[in-house]
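Residue-level listing of the chains:
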Amino acid sequence: MRKEEFYRDAIPGSLGPLEGVKVLEATTSQAGPMVGTVLADLGADVIKCDQPGFGDLVRHGFPFVDGRESPETACHYLSINRNKRCITLNLKDPEGAELFRQLAATMDVVVENYKPGTMDKWGLGYEDIRALRPDIIYTSVSGFGQYGPYHTRPGYDAVAQGMGGLASLNGYPDGPPTRVSSAVGDNLAGWQGAMGTMSALYYREKTGKGQHVDANLLDSILYISDFGIMGAANADWVWPRMGSRHPGGAPINIYRCKDDYVFVLVGLPAHWVKFCNILGREDLIEDPRTRTPADRVRNVDFVDDLVGAWTAEKTAAEVLQIMEEAELAASPVYDFAQILEDEHIQEREMVAEVDHPEAGRIKLFGVAVKHSLTPGKVRSAAPLMGQHNDAVYGGQLGLSEEELKRLKGEEII
């Protein structure tokens, strides 16, 4: 299918399937903001609250666009806060909290990712907001959830990767457990929070009832544990560290070529037959060491040595071409600079471009899920700190210029 065919019925000017949904975000760092990013990418109007003066923590981390060290040019912030509006608001101040409540009463969704109990302490918890807007969808993102023995503990991505078993799998057998470099736990919790929010909106559409949505990093990591829990609980099997191997089959690994690396996966019996023919080792089709996936796992060193010897004699491009012609699974091992140049990734708009008032023309990751009728997209860059104060406080709440000046002078906004 061509791209034009997929989008042939797209509605001109559509912001996405969530167009019209109004979201208020009291978030910082990554997991909470990611909820709002997913919703905004799909068309929701998301207003993010930044702490006056300092703003979001990720505004201050490396790297910065063109080395310009500014809270407005941090790559991390720019990546995960696009398509939003931004106001500054001191939630700890009683007057700031009252402004938040006034805004929340006009919203469909509130998203927050403070330690459980914090928003309640400020008079901004679920019960407080529900008293003003009974059908509110209130999505909380945290390290360990809103209840449970650990719920008040501080939670970070690395903590969730450690407790959720992911770090125990990552690395090589003779090395220590290793955290996955990207914030997998934060991202997953954000996606789970967004999915929970959308399903709660669907339920409200049917029943008129709002609810509290509880997403957290640890549960989200456990949700991608495949058969790890099943194996430990029911098969007396603990998933070992295996590098890039997989316990379910072989060859499944990254192999060195003359010039680079490739990932090769051969799983189905018919694919193994094809691959043996490529290797010129038809004898291995019925060899008891390699006949079934389980046989190949039991003899994974033999299989990997065989495949590694074959790839070592070829360039990565040669291996990939041979595998593609045979309709077998293989891929290059890209770094992020190489990702920028891939034609498929470009056509799928997974490298998006947008203009930013300080950073200029910037590139960032695009919207993963595609809707043929109401496509989402990266419409605008991450907002400047407090960029929409006048529009939100003046336009939506009707505050005067004098009142806005006073609130800013008192560092409430």
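Residues numbered from 1 in each chain as written. Predicted model: local features only at pLDDT ≥ 70, side-chain atom pairs only at ≥ 80, totals over all residues. Heavy atoms only, no water.

*Asks:* Would you mind going over the overall build of the protein chain in detail, with residue names and values included?
*Replies:* On a plain count of helices and strands, the protein chain comes out with 19 helices and 11 strands. If one aligns the C-alpha atoms of the protein chain with their principal axes, the spans along those axes are about 85 × 45 × 45 Å. Within the protein chain, the proportion of its 413 residues that are buried is 45%. Across the protein chain, contacts joining residues at least 24 apart in sequence account for 67% of those joining residues at least 6 apart. Just so you have it, the protein chain exposes about 21,100 Å², and 54% of that area is on carbon and sulfur atoms. Computed over 41 positive and 59 negative side-chain charges, the inter-centroid distance for the protein chain is 2 Å. (Helix = DSSP H or I, 4+ residues; strand = E, 2+ residues; numbered from the N terminus. Buried < 20%, exposed > 50% of the residue type's maximum accessible area, 1.4 Å probe, protein only. Contact = heavy atoms within 4.5 Å. Areas by Shrake-Rupley, 256 points an atom, 1.4 Å probe, with all protein chains shown as cover. Lys, Arg positive; Asp, Glu negative; His and termini not counted. Charge placed at Lys NZ, Arg CZ, Asp CG, Glu CD.)

*Asks:* I'd like to hear about the layout of surface pockets, residue by residue, with values.
*Replies:* The space that makes up the second largest pocket amounts to roughly 510 Å³. Counting residues per element, the lining of the second largest pocket draws most heavily on helix 17 (residues 343-347), which supplies three residues. Grouping the constituent residues of the lining of the second largest pocket by class yields seven nonpolar, four polar and 10 charged. (1 Å grid on protein atoms, 1.4 Å probe; cavity = no way out; pocket = protein on both sides within 12 Å on 5 of 7 lines; lining within 4 Å. Points joined across faces, edges and corners; volume = space filled by probe spheres on them. Nonpolar A, V, L, I, M, F, W, Y, C, P; charged D, E, K, R; others polar.)

*Asks:* Lay out the nonpolar core with the relevant residues and their values.
*Replies:* Of all hydrophobic cores here, the largest spans 45 residues; its most connected members are Val-21, Val-23, Leu-39, Ala-44 and Val-109. In contact with Leu-39, other than residues within four places in its own chain, are Leu-18, Val-23, Ala-44, Val-46, Ala-194, Thr-197 and Met-198. Membership of the second largest hydrophobic core comes to 27 residues, among which are Cys-49, Tyr-126, Ile-129 and Tyr-393. (Core = buried A, V, L, I, M, F, W, Y, C linked by side-chain atoms within 4.5 Å.)

*Asks:* Explain the packing of aromatic side chains to me, and be specific about the residues and the numbers.
*Replies:* Evaluated as defined, the whole model comprises 10 aromatic pairs. Taking 4.9 Å as the distance between ring centres and 90 degrees as the angle between the ring planes, the aromatic pair formed by Phe-6 and Tyr-7 counts as edge-to-face. Under the relative-accessibility criterion, Tyr-7 is labelled partly exposed at 22%. Aromatic pair Phe-227 and Trp-237: ring centres 5.8 Å apart, planes at 40 degrees, arrangement tilted. One end of the pair, Phe-227, is in the loop between helix 10 (217-222) and helix 11 (228-234); the other, Trp-237, is in the loop between helix 11 and strand 7 (252-256), with 10 residues separating them in the sequence. (Phe/Tyr/Trp six-rings, centres within 6.5 Å; stacked < 30°, edge-to-face > 60°.)

*Asks:* Quick one: what's the story with unusual backbone geometry, residue by residue and with numbers?
*Replies:* A negative phi angle characterises most non-glycine residues, just as the trans form characterises most peptide bonds. For the bond from Phe-62 to Pro-63, the omega torsion is -5 degrees, close enough to zero to count as cis. Checked against the element boundaries, Pro-63 lands in the loop between strand 2 (45-50) and helix 3 (75-80). Going from Ala-250 to Pro-251, the amide bond is cis rather than trans, its omega being 0 degrees. Position of Pro-251 relative to the elements: it lies in the loop between helix 11 and strand 7. One non-glycine residue, Glu-327, adopts positive backbone phi at about 60 degrees. When you line up the elements, Glu-327 lands in the loop between helix 15 (316-325) and strand 9 (329-332).

*Asks:* For helix 12 (residues 269-279), give the residues involved together with the corresponding values.
*Replies:* Taken as a whole, helix 12 has its buried residues at Trp-272, Phe-275, Cys-276 and Leu-279. Here the buried residues of helix 12 occupy an arc of 105 degrees about the axis, which is enough to place them on one side. Buried-residue contacts for helix 12 involve strand 8 (261-265), helix 13 (293-298), helix 14 (300-312) and helix 15. (Arc of directions from axis to C-beta.)

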